[in-house]
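# Structural description and commentary
Listed below, chain by chain, are the residues.
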Amino acid sequence: NLPAFDEVARQCHMAVEPLTRIKLLNSLLLDSQPIVLADSEGFVAAAYQQIDSVTVVRSFATALEQTAEGFVFVSNRYLPQLNEQSNLLALRPRNLAVGIGCNRDTTADEIDMVVHQILRDAFLAFASIGIVASIDAKQDEVGLLKFAEHNRLPLHFYSAGELNVISTPTPASDYVQKAVGAKGVCEPAAVLAASGGRLLVKKKKHGNV
């Protein structure tokens with residue numbers, strides 16, 4: 001009757017990273033070994049508050065100061081220590097929306113590479129992407145469709161009219177407006193897909209993306 005980390009993640013629609021560490025962290029939980037759970041937003045903390053072997057903290061810095069057999073971080077942040085610390089598991093809330101504009105015939109590989117790089121530069125986790133969005137003129141863009149399909153991400157398209165009512169920090173692009181009728185694509189698409197959420201990364205242009 002213990003709340004396995006992968007089951008709690010599934011119930012909360014979170015991704016688990018890396019999957020290979022689930023066995024270790026669940027085993028530590030089963031054996032009542034000390035685990036530190038860092039959950040700054042309180043996404044899953046309630047499931048573990050009554051378990052004596054799990055110490056729940058809000059700060060990741062506080063978590064790393066603790067002595068424990070295992071660590072679980074609940075965050076959409078890129079965690080450099082995830083590759084270095086073999087007893088660290090990340091639960092990824094899928095609360096990032098990514099707006100994408102691209103040139104015609106841009107490959108899925110190029111889109112994938114750019115999105116990974118931009119998110120890493122902003123210290124955000126690719127696994128926390130919950131939705132991808134663009135303009136409806138890109139509904140037949142093969143590379144964009146393949147990128148979303150390969151990463152199992154929902155892809156939403158907005159009309160130029162919908163995009164144009166969103167206020168964004170980057171000035172309107174004459175090129176984009178002439179091409180598709182929108183003042184911009186990536187920023188307003190991200191804001192709309194996030195239901196008006198805060199823009200975390202301003203427009204970045206790399207190659208064809």
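Please refer to the structure higher up on the page.
Residues numbered from 1 in each chain as written. Predicted model: local features only at pLDDT ≥ 70, side-chain atom pairs only at ≥ 80, totals over all residues. Heavy atoms only, no water.

The N-to-C vectors of helix 4 (residues 108–121) and helix 5 (residues 142–150) enclose an angle of 60°; their axes lie 8 Å apart at closest approach. One way to sum up the angle between helix 4 and helix 5 is to call them oblique. Between helix 4 and helix 5 the crossing geometry is right-handed. Along its contact with helix 4, which presents Ala 108, Ile 111, Asp 112 and Val 115, the element helix 5 presents Gly 143, Leu 144, Lys 146 and Phe 147. (Axes fitted to C-alpha atoms, helices over the stretch in contact; angles between N-to-C directions. Helix = DSSP H or I, 4+ residues; strand = E, 2+ residues; numbered from the N terminus. Parallel < 35°, antiparallel > 145°, perpendicular 65-115°, else oblique. Left-handed = near helix turned anticlockwise from the far one by under 90°. Contact = heavy atoms within 4.5 Å.)

Spatial strand order, 1-5-4-2-3: five strands in an open sheet with mixed pairing. The open sheet has two edge strands with one neighbour each: strand 1 (14–17) and strand 3 (54–57). Between one strand and the next, the sheet's axes are offset by a mean angle of 20°, whatever the strand orientation. Of the strands in this sheet, strand 1, strand 2 (35–39), strand 3, strand 4 (70–74) and strand 5 (88–93) touch helix 2 (residues 22–30), which is tilted by about 115° from strand 4. (Pairing = 2+ DSSP bridges.)

Position of Pro 93 among the secondary structure elements: in strand 5. On the accessibility criterion, Pro 93 (5% relative accessible area) is buried. Taking the C-alpha atoms as reference points, Pro 93 and Ile 129, 36 residues apart in sequence, are found 8.3 Å from one another. Those residues in contact with Pro 93, other than ones at most four positions away along the chain, are Met 14, Phe 43, Val 74, Ser 75, Asn 76 and Ser 128. (Buried < 20%, exposed > 50% of the residue type's maximum accessible area, 1.4 Å probe, protein only.)

Through backbone hydrogen bonds, the strands of a sheet pair up, either in parallel or in antiparallel fashion. Spatial strand order, 6-7-8: three strands in an open sheet with parallel pairing. In the strand order of this sheet, the two ends are held by strand 6 (96–99) and strand 8 (155–158), each with one partner. When strand polarity is set aside, the average angle formed by the axes of neighbouring strands in this sheet is 30°. Here strand 6 runs beside strand 7 (residues 129–135); their pairing, made up of four bridges, is parallel. The partner of Gly 99 across the bridge, within strand 7, is Ala 133.

Let us look at the layout of surface pockets. Of the volumes computed, that of the largest pocket is approximately 1,100 Å³. Looking at the largest pocket, it is lined by 44 residues, and the ones nearest its centre are Gly 99, Ile 100, Gly 101, Cys 186 and Glu 187. Counting residues per element, the ones that place at least two in the lining of the largest pocket are strand 6, helix 4, helix 7 (174–180) and helix 8 (186–193). Class assignment for the residues of the lining of the largest pocket results in 26 nonpolar, nine polar and nine charged. (1 Å grid on protein atoms, 1.4 Å probe; cavity = no way out; pocket = protein on both sides within 12 Å on 5 of 7 lines; lining within 4 Å. Points joined across faces, edges and corners; volume = space filled by probe spheres on them. Nonpolar A, V, L, I, M, F, W, Y, C, P; charged D, E, K, R; others polar.)

For Asn 26, the location among the structural elements is in helix 2. At 3.0 Å, the side chain of Asn 26 and the side chain of Asp 6 are in polar contact. Discounting residues that sit within four places of it in the chain, Asn 26 has contacts with Ala 4, Phe 5 and Asp 6. (Polar contact = N/O pair within 3.5 Å; in protein donor to acceptor, adjacent residues only side chain to side chain.)

Note that Ser 134 resides in strand 7. Accessibility expressed as a relative area gives 0% for Ser 134, which makes it buried. When near neighbours in sequence (up to four residues on either side) are disregarded, Ser 134 contacts Ile 100, Gly 101, Leu 144, His 156, Phe 157, Tyr 158, Val 185 and Ala 189.

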